[in-house]
Amino acid sequence: MMQAIVYLLDAAIVIAAVLSAWFWLRASGKRVRRVSKHETFDYADINRLVVALNRAQILNARAAKATAAAALLGGLRVLLDFLP
């Protein structure tokens, strides 16, 4: 029974770590179009910037939560090693 719990916990750690990496990869992958000094900077440009920042913030928050979950699960896994 304990061996099955350890295997499930190990799998959950790997899944949480992979999710974290995937979210951070997605957050860093999108580039915002540069605005030339010869064009007018209007509301559409500001809107693109705000949307890009919001999406990156959402993905970064998800990645941070997945990292925290992996750390907690890893701590539980280490704690199981100390149980008799």
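As the structure is a computational prediction, the values presented were derived from the model and not from experiment.

On to the overall build of the protein chain, then. The helix and strand inventory of the protein chain stands at two helices and zero strands. Compactness check: the protein chain gives a C-alpha radius of gyration of 20 Å against a globular reference of 12 Å for 84 residues, more than 25% above the reference. On the principal axes, the C-alpha backbone points of the protein chain span a range of 70 × 15 × 15 Å. Across the 84 residues in the protein chain, those meeting the buried criterion constitute 15%. Contacts spanning at least 24 positions in sequence make up 81% of the contacts within the protein chain whose residues lie at least 6 apart. As displayed, the protein chain has an accessible area near 6800 Å², and 69% of this comes from carbon and sulfur atoms. Across the protein chain, the centroid of the 11 positively charged side chains sits 4 Å from that of the 5 negatively charged ones.

Looking at the element boundaries, arginine 77 is found in helix 2 (residues 43–82). Side-chain polar atoms of arginine 77 contact the side chain of aspartate 10, separated by 2.7 Å. Other than its neighbours up to four places away in sequence, arginine 77 contacts Val6, Leu9, Asp10 and Ile13.

On the surface, Met1, Met2, Ile5 and Leu83 cluster together into a nonpolar patch covering about 430 Å² of accessible area. Here leucine 83 shows up in the segment after helix 2. According to the relative accessible area criterion, leucine 83 is partly exposed, its value standing at 44%.

Looking at the secondary structure, you find alanine 21 in helix 1 (residues 2–29). With a relative accessible area of 47%, alanine 21 lands in the partly exposed category.

Here the focus is the packing of aromatic side chains. With the rule as written, the count across this model stands at one aromatic pair. Between tryptophan 22 and phenylalanine 23, the aromatic rings sit 5.3 Å apart at their centres with planes inclined by 50°, giving tilted as the arrangement. The class for tryptophan 22 is partly exposed, based on a relative accessible area of 42%.

Quick notes on the rules
Residues numbered from 1 in each chain as written. Predicted model: local features only at pLDDT ≥ 70, side-chain atom pairs only at ≥ 80, totals over all residues. Heavy atoms only, no water. Helix = DSSP H or I, 4+ residues; strand = E, 2+ residues; numbered from the N terminus. Rg over C-alpha atoms; globule rule 2.2 N^0.38 Å. Buried < 20%, exposed > 50% of the residue type's maximum accessible area, 1.4 Å probe, protein only. Contact = heavy atoms within 4.5 Å. Areas by Shrake-Rupley, 256 points an atom, 1.4 Å probe, with all protein chains shown as cover. Lys, Arg positive; Asp, Glu negative; His and termini not counted. Charge placed at Lys NZ, Arg CZ, Asp CG, Glu CD. Polar contact = N/O pair within 3.5 Å; in protein donor to acceptor, adjacent residues only side chain to side chain. Patch = residues over 30% accessible without salt bridge, like charges linked within 9 Å, V, L, I, M, F, W, Y side chains within 5 Å. Salt bridge = Lys/Arg side-chain N within 4 Å of Asp/Glu carboxyl O. Phe/Tyr/Trp six-rings, centres within 6.5 Å; stacked < 30°, edge-to-face > 60°.

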